[in-house]
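Understanding the architecture of this molecule
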Amino acid sequence: MTDIQPFRHLYVHVPFCRHKCGYCDFNAYAGMDRLMPDYVDALERELIFARERHPFQQLETVYFGGGTPSLLPPELIARLLAFIRATFNVAADAEVTLEANPASTDEERVAAWLEGGVNRLSLGVQGFDPKALAVLERRTDAAQATRAFSLAREMGVANISIDLIYAVPYQSMATWLDTLRRAIGMGPDHVSTYCLSFEAGTLLYRRRAEGRVPEVETDLQWDQLDAACAELEAAGFRRYEVSNWARSGGFESRHNQAYWRCRPVYGAGAGAHSYATDGSSAWRWWNVARPKEYIAATPATRADGEELQPRKAVAESLMLGLRTADGMIAPAGFDDELGNLQKAGLVRRLDGRVVPTRRGLDLHNQIALAVL
Ligand code: SF4
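Residues numbered from 1 in each chain as written. Predicted model: local features only at pLDDT ≥ 70, side-chain atom pairs only at ≥ 80, totals over all residues. Heavy atoms only, no water.

1. Describing the overall build of the protein chain
Looking only at helices and strands, the protein chain features 14 helices and 17 strands. Taken over the C-alpha atoms alone, the protein chain extends approximately 50 × 50 × 45 Å along its principal axes. Long-range contacts, defined here as pairs at least 24 residues apart, represent 70% of the contacts in the protein chain between residues at least 6 apart. Element-wise, carbon and sulfur atoms account for 49% of the exposed surface of the protein chain, whose accessible area totals about 16,200 Å². Across the protein chain, the 41 positively charged side chains and the 47 negatively charged ones have centroids separated by 1 Å. (Helix = DSSP H or I, 4+ residues; strand = E, 2+ residues; numbered from the N terminus. Contact = heavy atoms within 4.5 Å. Areas by Shrake-Rupley, 256 points an atom, 1.4 Å probe, with all protein chains shown as cover. Lys, Arg positive; Asp, Glu negative; His and termini not counted. Charge placed at Lys NZ, Arg CZ, Asp CG, Glu CD.)

2. Comments concerning the pattern of salt bridges
Proximity of charged atoms lets side chains of opposite charge pair with each other. Throughout the structure, instances matching the rule amount to 20 salt bridges. A salt bridge links Glu316 to Arg284; the nearest nitrogen and oxygen atoms lie 3.0 Å apart. With a gap of 32 residues between them, Glu316 in helix H11 (residues 310-321) and Arg284 in strand E13 (residues 282-287) connect regions that are remote in the sequence. With respect to class, Glu316 is no different from Arg284; both count as buried. The closest approach of N and O atoms between Asp362 and Arg358, which form a salt bridge, is 2.9 Å. Placement of both Asp362 and Arg358 in helix H13 (residues 358-362) is noted, with a separation of four residues, approximately one turn of the helix. (Salt bridge = Lys/Arg side-chain N within 4 Å of Asp/Glu carboxyl O. Buried < 20%, exposed > 50% of the residue type's maximum accessible area, 1.4 Å probe, protein only.)

3. Quick word on the side chain of Thr202
As for its position among the elements, Thr202 is in the loop between strand E8 (190-195) and helix H7 (203-209). Taking relative accessible area as the criterion, Thr202 reaches 4% and is therefore assigned buried. Each residue touching Thr202, except ones within four places of it in the same chain, is listed here: Gly22, Tyr23, Cys24 and Asp25.

4. Considering the pairing of strand E7 (residues 160-166)
Within E7, seven of the seven residues are buried, leaving the element largely enclosed by the surrounding structure. Residues Ile160, Ile162, Leu164 and Tyr166 point to one face of E7 and Ser161, Asp163 and Ile165 to the other, with burial holding for every one of them. When E7 meets E8, the two strands line up parallel, connected through six bridges. Looking across to E8, one finds that Ser161 is bridged to His190. The parallel pair E7 and E8 is bridged by helix H6 (residues 173-186), and the resulting crossover is right-handed. (Pairing = 2+ DSSP bridges. Right-handed = clockwise from strand over helix to strand, strands pointing away.)

Read these as geometric descriptors, not functional statements.
Shown next as structure tokens:
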């Protein structure tokens with residue numbers, strides 16, 4: 001890699017979870033909490049190594065994702081936050097996000113997060129309906145989610161996002177509407193809504209294959225997405241990306257926008273992916289996935305990687321750019337693909353940009369298929 005653009009975005013993966021949810025195919029593990037101190041040591045070694053090998057400029061965003069970053073004991077997350085500030089130049093107005101599970105959002109932890117500069121919380125609520133939560137095997141309930149949200153707000157977290165999942169077996173239109181309304185009623189600044197996917201290898205996938213969980217009717221799935229659009233838009237949220245809504249006032253996730261705009265992002269931690277570009281070609285690499293092996297491998301944590309030739313790199317940036325409502329300046333060399341997408345009503349041209357239509361946001365997988 002020569003002349004790669006500097007990293008201004010840092011992702012830190014925390015792979016620990018209290019329990020492995022039945023639908024989850026993230027790089028997340030239950031029953032490994034004893035590794036946390038060694039894991040944080042390893043992260044620090046990787047970050048020092050990364051800073052020596054790669055160009056970093058002032059960080060605009062730092063994102064702790066998982067897994068469940070909120071599970072880290074307050075003293076460990078405080079140490080890690082301080083380490084990142086001491087090792088990198090973190091902009092005074094950087095967006096620093098931490099993904100939190102309501103069950104591990106307590107006063108001591110929120111205080112440590114705020115003290116360490118976390119200014120955005122992404123709360124994994126997923127839903128309020130006990131039946132849907134049971135299918136997802138989430139062990140948190142509506143009361144915990146509400147309590148965690150209020151606590152974070154009262155203690156001063158000014159920017160809170162919540163995640164919700166739809167198209168869950170047994171989730172009716174009525175319970176989804178109730179979930180949306182209760183979520184909006186909490187007063188979040190940002191809402192992510194994800195359509196449940198059945199990923200091979202998960203418990204939920206096996207249970208469906210065995211006929212123990214019913215299929216969700218496609219019509220209901222679309223109606224639920226429609227309802228999310230209607231309810232969130234009526235409450236003043238803008239759908240700025242396929243699955244993400246923000247209240248006005250700059251509450252779009254700056255970190256995730258770095259991914260959608262193909263900006264270089266350094267990913268630290270077990271299984272984390274990094275993306276680098278010189279403005280023409282791009283490189284992607286990822287770390288050893290299992291926490292114990294990751295710890296043993298540090299600081300040389302890379303498992304594998306790939307180079308994207310210029311055309312492939314542009315195709316990816318087009319696919320990702322068309323996830324966002326603002327789209328992107330139409331790149332050269334994709335006239336046929338974009339013409340076909342326009343005919344299909346999935347994109348339109350607007351002031352030199354190509355932007356997805358509502359249908360294009362809903363059916364983004366068709367855009368991806370056409371351009372990749
Ligand atoms: S808490 Fe999140 S990351 Fe952990 S197992 Fe459940 S869905 Fe996966």
